[in-house]
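Now for the letters of each chain:
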Amino acid sequence: MDEEYDVIVLGTGLTECILSGLLSVEGKKVLHMDRNDYYGGDSASLNLTQLYRQFRPDQAAPAELGRDRDYAVDLVPKFIIASGELTKILVHTDVTRYLEFKQIAGSFVYRDGKISKVPSTEMEAVKSPLMGLFEKRRAKKFFEFLQGWRDDDPATHQGLNLDNDSMKTVYEKFGLEPGTQDFIGHAMALYLDDDYITKPARPTYDRIILYTSSMARYGKSPYIYPLYGLGELPQSFARLSAIYGGTYMLDKSIDKIVTNSDGKFVGVTSGGETVKAKQVIGDPSYFSGSDDGKVRVLEEGKVVRAICLLKHPIPGTDDSDSCQIIIPQNQVNRRNDIYVAMVSSTHNVCAKDIYVAIVSTIVETDKPELEIRPGLALLGPIYDKFVSITPIYTPTSSGKEDNVFITRSYDATSHFETVVEDVQDVWKRVTGTDLVLKKREVEVQE
């Protein structure tokens, strides 16, 4: 391993694979390594054997669940927002040609002990049990205000300033009830908690417009999802990197991150050989064991996730083959929302007549599994479940001093927008420039 690379990337999670793909397109010489023998790292999709091996090493997968190869169960549940940033990257890099997407059938919100569909059309809004008649009128005015807002036309502002006024002020202006604020803030703007209410309204406005424009693209819900699971995403960016000369090595132990006397990164040792590079990018798990304090656990700490195998769709979702259900925190006296994501055999991620539901939230107590009970209770009988509790790591420095650039752990959000924010952040730290998506000049022969 005498040759030197521009960048070594450790871990094949989605964040790392997007970065290695984009850096390869830019002409950087990239070596990508992973200690696992599969792509995706923490964001992998596992077949049945891998799933049981990961959570119950001493138990074989039950034969009645069907064939191994019919399964691609996500470790971290997230959906893609149709008009979101990840979609833009997929389209710009042309990675979409390796992927097929299917729509998620419905988005639901939990209120007063039952689940209701988040309205996707005016008709649904009129019929929705989420609001009474007068509240529907107020909500209609609120949405018309958002859709009609033009920065350069004060006539559309109704005396509000999105950059100065808090979201609380905006809600109050339209007289929206707490329950309506709840479903707008959590099921549409997709905030995990209520901190956003006291902050300027602009980010919430942006999030709601993103949600409604994504909804308008396909109807039923604002989410799309790749056939064969989320593990297809990192693999597709790995292909992009390979086309542009990137080198991949799976199943490689990372024995040591090598630095010089100034503490600057010089290479990675694996199996007694050291390969050199100018920079290293890696997911936090490759640095969390070291005592040099390169990563820390975020204040919100840990995410608890339960992967549940069901033999029926989730009750109350109109027999949807896929859905998202959001349980706003104050409905269950919590600080953070609980998310339920469900996919099925129509997405080629499990055998026919099996449904995979993943319930997740940010841990607030020392009994994480009890915290997701409200989500589990919505699922009906559970055939089997696998619970994990994972810390959320973040880097402690920018990496510019030592050329060690660390990505963030996957958070509890139900979509990929924060993953793309991390990609943009790391890109800027590594290259010194903002990530601008350029159309690829040439069509490289595969």
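Residues numbered from 1 in each chain as written. Predicted model: local features only at pLDDT ≥ 70, side-chain atom pairs only at ≥ 80, totals over all residues. Heavy atoms only, no water.

If you check an unreviewed UniProt entry, the protein appears there as Rab GDP dissociation inhibitor from Gymnopilus junonius.

A count of helices and strands for the protein gives 12 helices and 19 strands. A compact globule built from 446 residues would reach a C-alpha radius of gyration of about 22 Å, and the protein, at 23 Å, matches this within 12%. Seen along its three principal axes, the alpha-carbon backbone of the protein occupies a region of about 70 × 60 × 45 Å. Counting the 446 residues in the protein, one finds 54% classified as buried. Across the protein, every contact between residues at least 6 apart in sequence was considered, and the portion connecting residues at least 24 apart equals 71%. If you sum the accessible surface of the protein, you get close to 19600 Å²; carbon and sulfur atoms cover 48% of it. Once the 52 positive and 65 negative side-chain charges of the protein are each reduced to a mean point, those two points are 3 Å apart. (Helix = DSSP H or I, 4+ residues; strand = E, 2+ residues; numbered from the N terminus. Rg over C-alpha atoms; globule rule 2.2 N^0.38 Å. Buried < 20%, exposed > 50% of the residue type's maximum accessible area, 1.4 Å probe, protein only. Contact = heavy atoms within 4.5 Å. Areas by Shrake-Rupley, 256 points an atom, 1.4 Å probe, with all protein chains shown as cover. Lys, Arg positive; Asp, Glu negative; His and termini not counted. Charge placed at Lys NZ, Arg CZ, Asp CG, Glu CD.)

Glancing now at the sheet that holds strand β9 (residues 223-226). What the 3 strands build is an open sheet, ordered β5-β9-β6; its pairing is antiparallel. Either end of the sheet is taken by a strand with one partner, and the two such strands are β5 (80-81) and β6 (101-103). The pairing of β5 with β9 spans 2 bridges and is classified as antiparallel. When the sheet's bridge partners are listed, Ile-80 is paired in β9 with Ile-224. (Pairing = 2+ DSSP bridges.)

Our focus in this paragraph is the packing of helix α1 (residues 14-25) against helix α9 (residues 232-243). Relative to each other, α1 and α9 sit at 20°, their axes nearing to 8 Å. Comparing their axes, α9 and α1 come out roughly parallel. α1 and α9 meet at a crossing whose hand is left-handed. Taking contact as the criterion, the partners of Leu-14, Cys-17, Ile-18, Ser-20, Gly-21, Ser-24 and Val-25 in α1 are, on α9, Leu-233, Pro-234, Phe-237, Leu-240 and Ser-241. When the residues that make up the contact of α1 with α9 are grouped by side-chain class, the tally is 8 nonpolar, 4 polar and no charged. (Axes fitted to C-alpha atoms, helices over the stretch in contact; angles between N-to-C directions. Parallel < 35°, antiparallel > 145°, perpendicular 65-115°, else oblique. Left-handed = near helix turned anticlockwise from the far one by under 90°. Nonpolar A, V, L, I, M, F, W, Y, C, P; charged D, E, K, R; others polar.)

Tracing the chain through its elements places Thr-12 in the loop between β1 (4-10) and α1. Looking at Thr-12, its side chain comes within polar contact range of the side chain of Asp-34, at 2.5 Å. Ignoring any residue separated from it by four or fewer positions in sequence, one finds Thr-12 in contact with Cys-17, His-32, Asp-34, Tyr-38, Tyr-39, Gly-40, Gly-41, Pro-234, Tyr-248 and Leu-250. (Polar contact = N/O pair within 3.5 Å; in protein donor to acceptor, adjacent residues only side chain to side chain.)

Another aspect to go through is unusual backbone geometry. Although it is not a glycine, Asp-319 adopts a positive phi angle of roughly 55°. In this fold, Asp-319 is placed in the loop between β14 (295-310) and β15 (323-327). Look at Asn-333: it is not a glycine, yet its phi comes out positive at around 50°. Positionally, Asn-333 belongs in the loop between β15 and β16 (338-344). Judged by its relative accessible area of 74%, Asn-333 is exposed.

Moving on, we come to the packing of aromatic side chains. Under the definition given, this model contains 13 aromatic pairs. Ring centres of Tyr-39 and Tyr-248 lie 5.8 Å apart, and the angle between their planes is 50°; this geometry places the pair in the tilted category. Taken together, the residues span a long stretch of sequence, with Tyr-39 in the loop between β2 (30-33) and β3 (45-46) and Tyr-248 in strand β10 (residues 247-249) at a distance of 209 residues. On the basis of relative accessible area, Tyr-248 is assigned to the buried category, the value being 19%. Centroid distance Tyr-171 to Tyr-196: 6.5 Å. Interplanar angle 90°. Geometry classified as edge-to-face. Highlighted residues: Tyr-171 in helix α6 (residues 167-173) and Tyr-196 in the loop between α7 (178-188) and α8 (202-218), separated in sequence by 25 residues. One aromatic cluster is present, built from ring pairs that chain together Phe-142, Phe-143, Phe-145, Trp-149, Tyr-171, Phe-174, Tyr-191, Tyr-196 and Tyr-205. Positioned above the aromatic ring of Tyr-286 is the side chain of Arg-35, whose terminal nitrogen or guanidinium carbon lies 3.8 Å from the ring centre. (Phe/Tyr/Trp six-rings, centres within 6.5 Å; stacked < 30°, edge-to-face > 60°. Lys NZ or Arg CZ within 6 Å of the ring centre and 35° of its normal.)

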